[in-house]
Amino acid sequence: MLEIIKKYEAQLRWALYALGAALLLLFLADQLAGKKAARILQTLLSGILVGGVYGLVALGIVVINKASGVFNFAHGWMMVVGGMIFWSFFSVSEISLLGAALLATATMLLAMSTASFSRLRQRRTQLLVLGGSLLLTALMTAGGSDWRWLHALSGAFAGAMLTGLAVERFAIRPLIGQPLFTAVLMTLAIAEVLHGVTQIAWGTVELNLPIFVNPATGSRFQPIRLEGLRELLDGLVIVRVELVIAFVLALVAFSGFIIFFRYTSVGLAMRATAEDQQLAQAVGLRVRVILAISWAAAAFLASIAGVLQGGAVGLSLNISLVALRVFPAVLLGGLESISGAFIGGILIGIVEQFGTLINSSQQVGTNLAPYLVLMLVLVLKPEGLFGEKRIERV
Amino acid sequence: MNRFIILCALVLLLGAALPALAQDMLPYPSDLTECEVDLSGETVNIFHFGDLSGPYAFITQPIVSAVSDAVLYWNSHGGVCGAELAQVYEDTGGNLEATQSAYDRFSSEYAEELDLLLLYGSGDGELLREQLAADEIVSFISAGSIESLYGEDGQTPGWLYASNPLYINQFGFFCQFVAANPEIFPDPVIGFVTWPGAFGMAGTGPAARDYCGGLGVPVLAEPQIFLPTDSDILTQVQNAIDSGANILYSNSLASGPALIASTLVDLGMDEDIKLAGVNWVMDTTVGLLGQRVLKANGLPSVDGMFGSMPYLWWTERDNAAVQFVTQQFNANKRSPAEQNIAYLVSWGAVDSIIEATIRTVNRVGSLSAVTGAEMRETVESMDYAVLGGLYQHKIEDGMREGTLNRIAVMKFANATMSGPATGAEDALLIDDGAGGKFFLPLVLPLTEFMPVPQLRG
């Protein structure tokens, strides 16, 4: 008997998995049997759209991991900082010229000196800093409140760049060559610093960020109502426009980053850097610049996610907790996989929503189901759905 | 700039009934006990800690501002019986480990003076309940879970005293209101849509369901739970509606009730389904955050939301306590976002602490002779109109919480500031200075203060 089990171990394992999956499907079918078709479709749509935002957050975490191998626990707080900076420019009619100029100059100084501060001695670099600062300052302050979208977008862009570059320069760069775990712990420290900075700069009161407002009505965009399907589905299904916008933005970001990592030299260099920073440096890759770019990109993605989340529910320190909900999505998709982040985000979104549909009173959707799915996937594919399988030669 | 304009607007509104403000500072509204002991040269500390940067920060943060302003006021008016007033506080970020750590630090560092502690959250109260009793430290709390005040069995009064009614009693009180107003709530069925945790879940339970059911107001057995980070709660709201609910009740605050209200508008059900909640839903934060989505009549989604109001509110301008706190708020140039219920109630908490301290010192002869047990004796015997009427502090029959409540409704001011708007066309819209406009939230009491039912079993 033991011999038979040993001989057919792999097949038996897969048979057990299949049995488990079949039981799960039977359980779900039983739970959903009494639900109207409209509710099931609504839950699926909500899961996909909310999952898109999760995917966007997950993408930021994956970008850092892909470039440096570091799991960034500060990503949630980078979302809050990005959202708050956007709010500051969006909700203030008269932006301080001095404040904007300082932000622009600091951003440009850090951006132009990613390789080394000594570059700032070069005339060309100085001119670029000056020109860039003037341009950014103008974008952040020109015109009245009619231009607040431009102010907010450029302010958030500059703020995100500054946050990402500063984190890399002063916290991560000194750890190049050190064990990765040191850098992971550093991200926990960065999270606390950003938490403190946010509290001091913006306080803790929840802020309204009316970005999804229809100018004609002064109200948030009306959801799309699928009235035509009401009879067929035995109920109304709605699609919230702000979630669609977030989803589309997430798709654009994913497409951009997939192209970036696959087809650009910087993207390929990032992947090489993640493999071995010292080796990458030895073959002439500019590890410092690559790390700086990846942190700036992650901070930018975090800002977008922070603004979208803030626009949907209000800007508060709670936004940082969204990143915690996204961790299963990152692991599910695979730590190094861009497309995995997106699909992982959507899967977790769907699982959460269906868990809530089945049992909201015990928080099955948020506290149990995502982690069960994660465990199941990791047992079957330890590297995640789209993660890279590593073969160690000994 | 926009903050300045908002501040001006609020000052204009709240100051409209206070023509004397510009000339004179108002007298302190409380009828405090006369000092019999001179405490000159000593310090009376107000100890408090809680979540100032975590999930509840947006409502608790003004607590520090209010206590700071109260300390400033007292010290510029001769102190408490001559003693300087000070505050000692710590942010726990909503983390129970941090709460325990803060308690350990306070109780060791200030072992001699810590006789009275101000807490903010049900979870903190539940965690520290036994320790407060063992260390003989009285605690005032603005929360109302049964476990924090009466232990797991719900029958063992501890050393915590809540200024508001138990959340479960507030819910029972709301059921009374529903049963008494069938024209507003025909064939009522209540569904709980709420946050998780000690606060979120404190308003419901079998006793509440039985009580409400007995009044002809059935309550769904399964609460629908959502997180403060959720951006979409269609599933939870539809679950409740599909189960028959036509009233959604929430133990959440700030963006929580606003999200439920906006979901109802999205579903086109805001006219059919009523929204109500615990006392914290009746707050400025909810009124402002609820403006992201407008109803068909052009008013914010939270217009018409019901809730408990066991305190006075900012718009009750004929009351001396409200006038006084408003004046102090303006004098200290506080931001509009801080003009919430926590700021108002915290002035009351400081007033209660001062009154309890004066009474105890008068009895024991000196500040150093005050112990937790002495303080407890005072607190239990006090029948005191806090800040001259903001709420009543009265501990009866071994109870540990406020027993009076009102039901109020959230509305938005009309353009002439003579009452609530009926639609966007007659609503007061204030320019926020950045291209947007906002409605001015009002909280209008619908009932007198009345005793709440006792549902803790």
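Cut-off values and rules
- Residues numbered from 1 in each chain as written.
- Chains lettered and ligands numbered in written order.
- Predicted model: local features only at pLDDT ≥ 70, side-chain atom pairs only at ≥ 80, totals over all residues.
- Heavy atoms only, no water.
- Contact = heavy atoms within 4.5 Å.
- Buried area = accessible area lost by both parts, 1.4 Å probe.
- Salt bridge = Lys/Arg side-chain N within 4 Å of Asp/Glu carboxyl O.
- Polar contact = N/O pair within 3.5 Å; in protein donor to acceptor, adjacent residues only side chain to side chain.
- Helix = DSSP H or I, 4+ residues; strand = E, 2+ residues; numbered from the N terminus.
- Nonpolar A, V, L, I, M, F, W, Y, C, P; charged D, E, K, R; others polar.
- Buried < 20%, exposed > 50% of the residue type's maximum accessible area, 1.4 Å probe, protein only.
- Pairing = 2+ DSSP bridges.
- Phe/Tyr/Trp six-rings, centres within 6.5 Å; stacked < 30°, edge-to-face > 60°.
- Axes fitted to C-alpha atoms, helices over the stretch in contact; angles between N-to-C directions.
- Parallel < 35°, antiparallel > 145°, perpendicular 65-115°, else oblique.
- Left-handed = near helix turned anticlockwise from the far one by under 90°.
- Domains from an automatic or database assignment.
- Patch = residues over 30% accessible without salt bridge, like charges linked within 9 Å, V, L, I, M, F, W, Y side chains within 5 Å.
- Areas by Shrake-Rupley, 256 points an atom, 1.4 Å probe, with all protein chains shown as cover.
- Disulfide = S-S within 2.5 Å.

Remarks on the interface of chain A and chain B
Here is step 1: Counting from both sides, the interface comprises 47 residues of chain A and, opposite them, 45 residues of chain B.
Here is step 2: Here chain A packs against chain B, burying approximately 4100 Å² in sum over the two surfaces, 47% of which is carbon and sulfur.
Here is step 3: A per-residue breakdown of the area chain A buries against chain B is headed by Arg39, Glu206 and Asn318 of chain A, which together make up 14% of the total.
Here is step 4: Connecting chain A to chain B are four salt bridges.
Here is step 5: Measuring nitrogen to oxygen at the nearest pair gives 3.8 Å for the salt bridge that ties Arg240 of chain A to Asp266 of chain B.
Here is step 6: Where chain A touches chain B, the interface holds 15 residue pairs in polar contact (both at pLDDT 80 or more).
Here is step 7: Residue assignment for the side of chain A that touches chain B shows that the elements contributing at least two residues are helix 3 (37–68), helix 4 (75–90), helix 8 (180–202), helix 13 (287–313), helix 14 (320–333) and helix 15 (338–358) of chain A.
Here is step 8: No other element matches helix 3 of chain A, which puts five residues into the side of chain A that touches chain B.
Here is step 9: Among the residues making up the side of chain A that touches chain B, the classes are represented as 16 nonpolar, 24 polar and seven charged.

Topic: the pairing of strand 12 (residues 391–394) of chain B
All names here are of chain B.
Here is step 1: Side chains of strand 12 alternate between two faces, with Tyr391 and His393 buried and Gln392 and Lys394 left unburied.
Here is step 2: Relative to strand 12, strand 11 (residues 383–386) runs antiparallel, the two sharing four bridges. Within strand 12, the position partnered with Asp383 by the bridge is Lys394.
Here is step 3: In textbook terms, the turn of a hairpin is the stretch between consecutive antiparallel strands, and for strand 11 and strand 12 this stretch comprises four residues, one of which, Leu387, has a positive phi near 50°.

Side note on the packing of aromatic side chains
Here is step 1: Considering all chains together, one arrives at 37 aromatic pairs over all chains under this definition.
Here is step 2: Plain terms: the ring middles of Phe86 of chain A and Phe90 of chain A are 5.5 Å apart, the flat faces sit at 20° to each other, and that makes the pair stacked. Here the residue Phe86 of chain A and the residue Phe90 of chain A both occupy positions in helix 4, the gap between them amounting to four residues, near one helical turn.
Here is step 3: Classification of Phe90 of chain A by relative accessible area gives buried; the value is 1%.
Here is step 4: Aromatic pair Phe324 of chain B and Trp347 of chain B: ring centres 5.4 Å apart, planes at 85°, arrangement edge-to-face.

Points about the packing of helix 6 (residues 167–180) of chain B against helix 8 (residues 206–214) of chain B
Packed helices, taken two at a time, are described by their axes: the angle between them and the distance between them.
Residues and elements named next belong to chain B.
Here is step 1: Closest axis-to-axis distance for the helix 6/helix 8 pair is 9 Å, and the angle between their directions is 15°. Compared by their axis directions, helix 6 and helix 8 come out roughly parallel. Viewed along their axes, helix 6 and helix 8 form a crossing whose handedness is right-handed. Counted together, Ile168, Phe171, Gly172, Cys175 and Gln176 of helix 6 and Ala208, Tyr211 and Cys212 of helix 8 form the full contact between these two elements.
Here is step 2: Residues that form the contact of helix 6 with helix 8 fall into these classes: six nonpolar, two polar and no charged.

Some thoughts on the side chain of Glu168 of chain A
Residues and elements named next belong to chain A.
Here is step 1: Among the structural elements, Glu168 can be located in helix 7 (residues 148–172).
Here is step 2: Glu168 sits in the buried class, given a relative accessible area of 1%.
Here is step 3: Filtering out sequence-adjacent residues up to four positions away, Glu168 remains in contact with Arg173, Pro174, Arg288, Leu291, Ala292 and Trp295.

Examining the domain arrangement of chain B
All names here are of chain B.
Here is step 1: For chain B, the assigned domains are domain 1 (2–166 + 315–404) and domain 2 (167–314 + 406–451).
Here is step 2: Summarising the inter-unit geometry, the C-alpha centres of domain 1 and domain 2 are found 27 Å apart.
Here is step 3: Counting from both sides, the interface comprises 43 residues of domain 1 and, opposite them, 37 residues of domain 2.
Here is step 4: Between domain 1 and domain 2, roughly 3500 Å² of surface is buried when both sides are summed, and carbon and sulfur atoms account for 69% of that area.
Here is step 5: At the boundary of domain 1 and domain 2, one finds one salt bridge.
Here is step 6: At the junction of domain 1 with domain 2, the criterion picks out 17 residue pairs in polar contact (both at pLDDT 80 or more).
Here is step 7: Looking at the side of domain 1 that touches domain 2, the elements that each hand over two or more residues are helix 1 (2–14), helix 2 (57–75), helix 4 (122–135), helix 12 (320–331) and helix 13 (341–364).
Here is step 8: With eight residues, the top contributor of residues to the side of domain 1 that touches domain 2 is helix 1.
Here is step 9: Classifying every residue of the side of domain 1 that touches domain 2 gives 24 nonpolar, 15 polar and four charged.

Focus: the sheet that holds strand 9 (residues 274–277) of chain B
Residues and elements named next belong to chain B.
Here is step 1: Strand order in this open sheet of seven strands is 7-6-8-9-10-14-17, and the pairing throughout is mixed. Each edge of the open sheet is held by one strand with a lone partner, namely strand 7 (224–225) and strand 17 (441–445).
Here is step 2: Sheet topology places strand 8 (residues 247–250) next to strand 9; four bridges connect them, and they run parallel. Bridging across to strand 9, Leu248 finds its partner in Leu275.

Concerning the pattern of salt bridges
Here is step 1: Enumeration over the complete set of coordinates arrives at 20 salt bridges over all chains.
Here is step 2: Between Glu109 of chain B and Arg105 of chain B there is a salt bridge, with the nearest N and O atoms lying 3.1 Å from each other. Separated by four residues within a single helix, Glu109 of chain B and Arg105 of chain B lie in helix 3 (residues 96–109), roughly one turn from each other.
Here is step 3: By relative accessible area, Glu109 of chain B is classed as partly exposed at 49%.
Here is step 4: On the basis of relative accessibility, which here comes to 31%, the residue Arg105 of chain B falls in the partly exposed class.
Here is step 5: Via salt bridges that share partners, Arg240 and Glu242 of chain A together with Asp232 and Asp266 of chain B belong to a single interconnected network.

A word on the environment of Thr285 of chain B
Residue and element names in this part refer to chain B.
Here is step 1: Its place among the elements puts Thr285 in helix 11 (residues 284–289).
Here is step 2: Taking the C-alpha atoms as reference points, Thr285 and Ser68, separated by 217 residues in sequence, lie 21 Å from one another.
Here is step 3: Those residues in contact with Thr285 that lie beyond four places of it in its chain are Phe58 and Ala254.
Here is step 4: A polar contact is formed between the side chain of Thr285 and the side chain of Asp283, at a distance of 3.0 Å.

Overview of a nonpolar patch on the surface
Residues and elements named next belong to chain A.
Here is step 1: Taken together, the side chains of Met1, Leu2, Ile4, Ile5, Tyr8 and Leu12 make up a nonpolar region of the molecular surface, amounting to roughly 660 Å² of accessible area.
Here is step 2: Sort the elements by how many residues they give to the nonpolar patch and helix 1 (residues 2–7) lands first, with three residues.
Here is step 3: Along the chain, Leu12 turns up in helix 2 (residues 9–32).
Here is step 4: You can call Leu12 partly exposed: its relative accessible area is 41%.

A word on the packing of helix 3 of chain A against helix 14 of chain A
Residues and elements named next belong to chain A.
Here is step 1: At a minimum axis distance of 9 Å, the contact between helix 3 and helix 14 shows a crossing angle of 75°. Compared by their axis directions, helix 3 and helix 14 come out roughly perpendicular. Touching Tyr54, Val57, Ala58, Ile61 and Val62 of helix 3 are Val322, Ala323, Arg325, Val326, Phe327 and Val330, all from helix 14.
Here is step 2: Per-class residue counts for the contact of helix 3 with helix 14 are ten nonpolar, no polar and one charged.

Focus: the state of the cysteines
Residue and element names in this part refer to chain B.
Here is step 1: Applying the stated rule across the entire model yields two disulfides over all chains.
Here is step 2: What pairs with Cys35 in a disulfide is Cys81, and their sulfur atoms sit 1.9 Å apart. Its torsion about the S-S bond being -75°, the disulfide of Cys35 and Cys81 is classed as left-handed. Residue Cys35 is located in the loop between helix 1 and strand 1 (43–50), and its partner Cys81 is located in the loop between helix 2 and strand 2 (84–91); the two are separated by 46 residues in the primary sequence.
Here is step 3: You can call Cys81 buried: its relative accessible area is 14%.
Here is step 4: In this model Cys175 forms its disulfide with Cys212; the gap between the sulfur atoms is 2.0 Å.

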